[in-house]
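Results of the structural survey
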Amino acid sequence: MTIPLTYSAKVAEALAKGHAVVALESTIITHGMPFPQNVETARLVEQDVRNAGAVPATIAVMGGRLHIGLEAAALDALGQAQNVAKLSRADLAACIATGGTGATTVAATMIAAHLAGIHVFATGGIGGVHRGAETSFDISADLQELALTPVTVVAAGAKAILDLPKTFEVLETLGVPVIVYGQDSIPAFWSATSDMVAPLRMNDPASIAASHKMRGAMGLAGGQLVTNPIPLGDEIPATTLAPIIAKALAEAEAHKISAKAVTPFLLDRIFALTDGRSLTANIALVRNNARLAAEIARAMLK
Ligand code: PSU
Ligand code: MN
């Protein structure tokens, strides 16, 4: 059986010529941001990747085909589509096999990027261990994927709606290198810093690319998580966010939100409770990650 892969013209050319390519996810478009900011952001992020000297490959499943790079019309359609599936490792193959349409999470985007021969992927924040996971068992499949699939993921940490210390404990258990870019504490998504000490610190894209390649040479399974702090001018201090996150979590519990719906519900409530400030910060951090990912992808070619 062959995998129905569709490459955009630009991505096919870049891969054939051995140019730098950066994968981008689509769940952030369909479930992470409201329309029209989602489509605007997706375009800005793609342009940021190009400006930094790499080719963007936004990944999604459309009509049973796994798209590596979306043409402009497809991106528009996805950004406005209703009831799009949110695909992780568990549902990616089923969606393709049954001719479905779905947006890829961090986990599913890593799988697709690896199939396409793309080594670097930029997103906003990864999924992780939810607060209260000791009773709900809600731990994102993103963590397991980082332990399995050899893609370097650039994010602003894990989303701050999560239990961040537990998330980084699990990553350590799974043997996933967490590399903080240019500072000594792990960034906390909308906030640049936290009280969590950086497990690894690197200050240049070349070191990150070299570590990725060394893992491959040593036969170590899995990827790397690069955490890139949101630019200081765009951050929302953790103290401002704490009561807002608490309120959103209480609402999620009151409404009995569970499984895949939890993360989109919380992001949407925090957007409303911050008068849109969380979205402005989210856009700034994704763009910042796209630029760094492009530099890492270029460094991998050397
Ligand atoms: N980062 C964002 N917004 C998002 C996500 C990440 O800034 O919407 C998505 C990613 O696709 C990530 C997913 O993989 O949320 C995690 O969902 P869950 O917690 O259900 O595993
Ligand atoms: Mn979950």
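Thresholds applied
- Residues numbered from 1 in each chain as written.
- Chains lettered and ligands numbered in written order.
- Predicted model: local features only at pLDDT ≥ 70, side-chain atom pairs only at ≥ 80, totals over all residues.
- Heavy atoms only, no water.
- Near = heavy atom within 4 Å.
- Polar contact = N/O pair within 3.5 Å; in protein donor to acceptor, adjacent residues only side chain to side chain.
- Areas by Shrake-Rupley, 256 points an atom, 1.4 Å probe, with all protein chains shown as cover.
- 1 Å grid on protein atoms, 1.4 Å probe; cavity = no way out; pocket = protein on both sides within 12 Å on 5 of 7 lines; lining within 4 Å.
- Sits in = over half its atoms within 2 Å of the grid points.
- Helix = DSSP H or I, 4+ residues; strand = E, 2+ residues; numbered from the N terminus.
- Domains from an automatic or database assignment.
- Points joined across faces, edges and corners; volume = space filled by probe spheres on them.
- Nonpolar A, V, L, I, M, F, W, Y, C, P; charged D, E, K, R; others polar.
- Expected span 1.5 Å × (residues − 1).
- Buried < 20%, exposed > 50% of the residue type's maximum accessible area, 1.4 Å probe, protein only.
- Contact = heavy atoms within 4.5 Å.
- Core = buried A, V, L, I, M, F, W, Y, C linked by side-chain atoms within 4.5 Å.
- Pairing = 2+ DSSP bridges.

What follows concerns the site of ligand 1. Taken together, the neighbourhood of ligand 1 is formed by 18 residues, with E25, K86, S140, D142 and T263 sitting nearest. Take E25: an N or O atom from its side chain is 2.5 Å from an oxygen atom of ligand 1. Burial of ligand 1 by the protein amounts to 94% of the accessible area it has alone, namely 480 Å². Of all the cavities here, the one that holds ligand 1 is the largest pocket. Elements with a minimum of two residues in the shell around ligand 1: α2 (27–32) and α12 (262–273). Tallying contributions element by element places α2 first for the shell around ligand 1, with three residues. Counting contributing residues per domain, the shell around ligand 1 is built from domain 1 (1–118) and domain 2 (121–302), each supplying no fewer than three.

Here the focus is the layout of surface pockets. Taken as a whole, the largest pocket holds about 500 Å³ of empty space. At the level of elements, α2, α8 (141–148) and α12 are the ones that each hand at least two residues to the lining of the largest pocket. In terms of residues, the lining of the largest pocket owes the most to one element, α2, which gives four residues. Classifying every residue of the lining of the largest pocket gives nine nonpolar, 13 polar and eight charged. A domain split of the lining of the largest pocket shows at least three residues from each of domain 1 (1–118) and domain 2 (121–302). In this structure, the second largest pocket occupies an estimated 340 Å³ of space. For the lining of the second largest pocket, the secondary structure elements donating two or more residues are α7 (133–136), α11 (238–254) and α12. The element best represented in the lining of the second largest pocket is α11, accounting for four residues. Of the residues that constitute the lining of the second largest pocket, the class distribution is seven nonpolar, five polar and four charged.

Attention now moves to empty space enclosed by the protein. Under the defined criterion, the tally for this structure stands at one cavity of 30 Å³ or more. Taken together, 14 residues form the lining of the largest cavity, with E25, I28, A42, V45 and V286 sitting closest to its centre. Contributing elements (two or more residues each) for the lining of the largest cavity: α2 and α3 (37–51). Top element by residues in the lining of the largest cavity is α3. It accounts for five residues.

Okay, α12 next. Along its twelve residues, α12 runs 16 Å from first to last C-alpha, staying within 8% of the 16 Å computed at 1.5 Å per residue. Buried residues of α12: V262, T263, P264, F265, L266, L267 and I270, and no others. In the core, the buried residues of α12 are packed alongside α2, β5 (85–87), α11 and α13 (277–300). Phi turns positive, to about 55°, at D275, one or two residues after α12.

Turning to the nonpolar core, a few remarks are in order. Soluble, globular proteins show a tendency: their nonpolar side chains are buried together. One finds I126, W190 and L225 to be the most contacted residues of the largest nonpolar core, which totals 103 residues. Looking at this core, the element that brings in the most residues is α13, giving 13 residues.

What follows concerns the pairing of strand β3 (residues 55–62). Taken across its eight residues, β3 has eight buried, putting it largely inside the fold. By the bridge criterion, four bridges tie strand β2 (residues 21–24) to β3 in an arrangement that is parallel. Counterpart to V21 in the pairing with β3 is V55. Bridging between β3 and strand β4 (residues 65–68) involves four bridges; their strand directions are antiparallel. Within β4, the residue paired with M62 across the bridge is R65. Hairpin connection from β3 to β4: two residues lie between these consecutive antiparallel strands, with G63 at a positive phi of about 55°. Two elements, β3 and strand β6 (residues 102–104), share two bridges in a ladder whose sense is antiparallel.

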